[in-house]
Amino acid sequence: MPPSPAPAARTRPISMSYLRAFDAVARHLNFRVAAEELALTQSAVSRQIQALEHEVGTPLFLRHTRSVELTSSGSLLHRTASASLERIDSAVRRIRQSTGRQSVSITTWASFASMWLIPRLEIFQREHPDIDIRIDATDAAVDMNNTDVDLALRYANPSQISGSAERLFGEQLTVVASPWLLKSQPIRNVADLMRCTLIEAGDAYRTQHMEWLSWQRWLDTFSPHAPGKTAAPSPARWLYFNYAHQIVQAALTGQGVALARQPLVAESLANGDLVEVLPEMRLSSPLAYWLLVAPRSKLRPEVRAFCDWLRQQADNTRLATGDVPDPETLASPD
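Please read all numbers here as calculations on a predicted model, not as lab measurements.

Turning to a nonpolar patch on the surface, a few remarks are in order. A contiguous nonpolar patch, built from Met16, Ile88 and Val92 and spanning about 220 Å² of accessible area, is present on the exposed surface. Considering the arrangement of structural elements, one finds Val92 in helix 4 (residues 72–98).

What follows is the structure in structure tokens.
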């Protein structure tokens, strides 16, 4: 009996929308986060990935109960697709600029984008309606010499940031809660706090960077261990999230008490959506928020306009939080 013929190789081009969805899932290894980035439903992204796998002819992801990972084929495709999509996007942006449309490309991390930058962005767009803004929200550091990103907004210790960076503002950590929660659970001291649910980052103790933001450090500072005890007091329960904006959202809805980064919740405190329950127990952080401008972009009028606006917004945040920077940490803008 003759062997069955091999299936015909697929030759039609892959849909660009499939590749966009694939790139987002491959970067985040999370269908939900990829869907939020693409402004699609999670099921729509899943269908696009399934269609792409059908077109390619092999699985691109290993799907586990609570996680997803790339297969070897997926890794191969992602290396090529990611670079190709970036080149396409870069070419489109250059074409737009050459045809009269000005644009500014910004990279920052998701929590800062959603909690600080985006809520203020409408002001800039109203003042500069002819400038397009592109925000790439990613936790990964971007090499500004090898991409067409104009600005990077970063969060780091002064010792970890380049000399060309400009400090926007520093931060203190403060205990915040919803006014609705405080009606039923007033908090006047640490003992009251320990009767509440405390909200924290799930990876708070994996790196020194995140440990600075932990409840453990706050408790070690403001509720030192009594003689004979080896641990700080424990709260009624814990609630963990991956991102700062998730932590604050949970506090806003009264699900517990958060140790928040003051610059990111200044607006919520000012309008009463959150209450600073122990203002005398703020904890200083060594971390600060920085602006870096790609050398090739510094002289473009639209980039300079955005940087000027950004500095003005940073001034407002420093005023609202009482931030007084160490002069040695400041870098003069070019």
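This is not the end of the story, as more comes after the structure.
Once that is clear, we can look at the environment of Gln102. The topology assignment puts Gln102 in strand 3 (residues 102–108). On the basis of relative accessible area, Gln102 is assigned to the partly exposed category, the value being 24%. Taking C-alpha positions, Gln102 is 9.3 Å from Arg300, a pair spaced 198 residues apart along the chain. Beyond its immediate chain neighbours, meaning those up to four positions away, Gln102 contacts Asp130, Ile131, Asp132 and Glu302. A polar contact is formed between the side chain of Gln102 and the side chain of Glu302, at a distance of 3.4 Å.

All right, on to the nonpolar core then. Leu151, Leu193, Trp218, Val257, Phe306 and Leu310 are the most contacted members of the largest nonpolar core, which has 60 residues in total. Dropping the residues within four chain positions of it, Leu310 is found in contact with Trp116, Leu117, Leu153, Leu168 and Leu291. Grouped together as the second largest cluster of nonpolar side chains are 16 residues, Ala24, Phe31, Leu52 and Val68 included.

Looking now at the packing of aromatic side chains. Tallied over the entire structure, the rule returns 17 aromatic pairs. For the ring pair Phe22 and Phe61, a centre distance of 5.5 Å and an interplane angle of 55° mean the geometry is tilted. Of the two residues, Phe22 sits in helix 1 (residues 16–28) while Phe61 sits in strand 1 (residues 61–63), which places them 39 residues apart along the sequence. Comparing Phe22 with Phe61 shows no difference in burial state: the two are buried. Residues Phe306 and Trp309 carry aromatic rings whose centres are separated by 5.2 Å and whose planes lie at 50° to one another, so their mutual orientation is tilted. Residue Phe306 and its partner Trp309 are located together in helix 12 (residues 301–321), separated by 3 residues, close to a single helical turn. Take Phe306: its relative accessible area is 0%, and that puts it in the buried class.

Let's shift gears to the pattern of salt bridges. Within this structure, the stated rule accounts for 16 salt bridges. With its nearest N and O atoms 3.8 Å apart, the salt bridge here joins Arg134 to Glu86. You can see Arg134 sitting in strand 4 (residues 131–137) and its partner Glu86 sitting in helix 4, a full 48 residues away along the chain. The class for Arg134 is partly exposed, based on a relative accessible area of 24%. According to the relative accessible area criterion, Glu86 is partly exposed, its value standing at 26%. One salt bridge connects Asp323 with Arg167, and the closest N-O pair in it is separated by 3.1 Å. Placement of the pair is Asp323 in the segment after helix 12 and Arg167 in strand 6 (residues 166–177), with a sequence separation of 156 residues. In this pair, the class of Asp323 matches that of Arg167, namely buried.

Phi at Leu29 is positive, roughly 50°, even though this residue is not glycine. Here Leu29 lies in the loop between helix 1 and helix 2 (31–38). Look at Leu29 and you get partly exposed, because its relative accessible area is 37%. Positive phi, normally seen in glycine, also occurs at Ala39, with a value near 60°. Along the chain, Ala39 falls in the loop between helix 2 and helix 3 (42–56).

With that settled, consider the confidence of the model for the protein. Residues at a pLDDT of 70 or more form 87% of the protein, whose mean pLDDT is 86. Least confident of the elements in the protein is helix 8 (residues 208–211), whose mean pLDDT is 70; most confident is strand 10 (residues 275–276), at 96. Ignoring residues within four places in sequence, the model shows residues 328–334, a span with pLDDT below 50, making 11 contacts including any to other chains.

Rules of the game
- Residues numbered from 1 in each chain as written.
- Predicted model: local features only at pLDDT ≥ 70, side-chain atom pairs only at ≥ 80, totals over all residues.
- Heavy atoms only, no water.
- Patch = residues over 30% accessible without salt bridge, like charges linked within 9 Å, V, L, I, M, F, W, Y side chains within 5 Å.
- Areas by Shrake-Rupley, 256 points an atom, 1.4 Å probe, with all protein chains shown as cover.
- Salt bridge = Lys/Arg side-chain N within 4 Å of Asp/Glu carboxyl O.
- Helix = DSSP H or I, 4+ residues; strand = E, 2+ residues; numbered from the N terminus.
- Buried < 20%, exposed > 50% of the residue type's maximum accessible area, 1.4 Å probe, protein only.
- Contact = heavy atoms within 4.5 Å.
- Polar contact = N/O pair within 3.5 Å; in protein donor to acceptor, adjacent residues only side chain to side chain.
- Core = buried A, V, L, I, M, F, W, Y, C linked by side-chain atoms within 4.5 Å.
- Phe/Tyr/Trp six-rings, centres within 6.5 Å; stacked < 30°, edge-to-face > 60°.
- pLDDT = per-residue confidence, 0-100.

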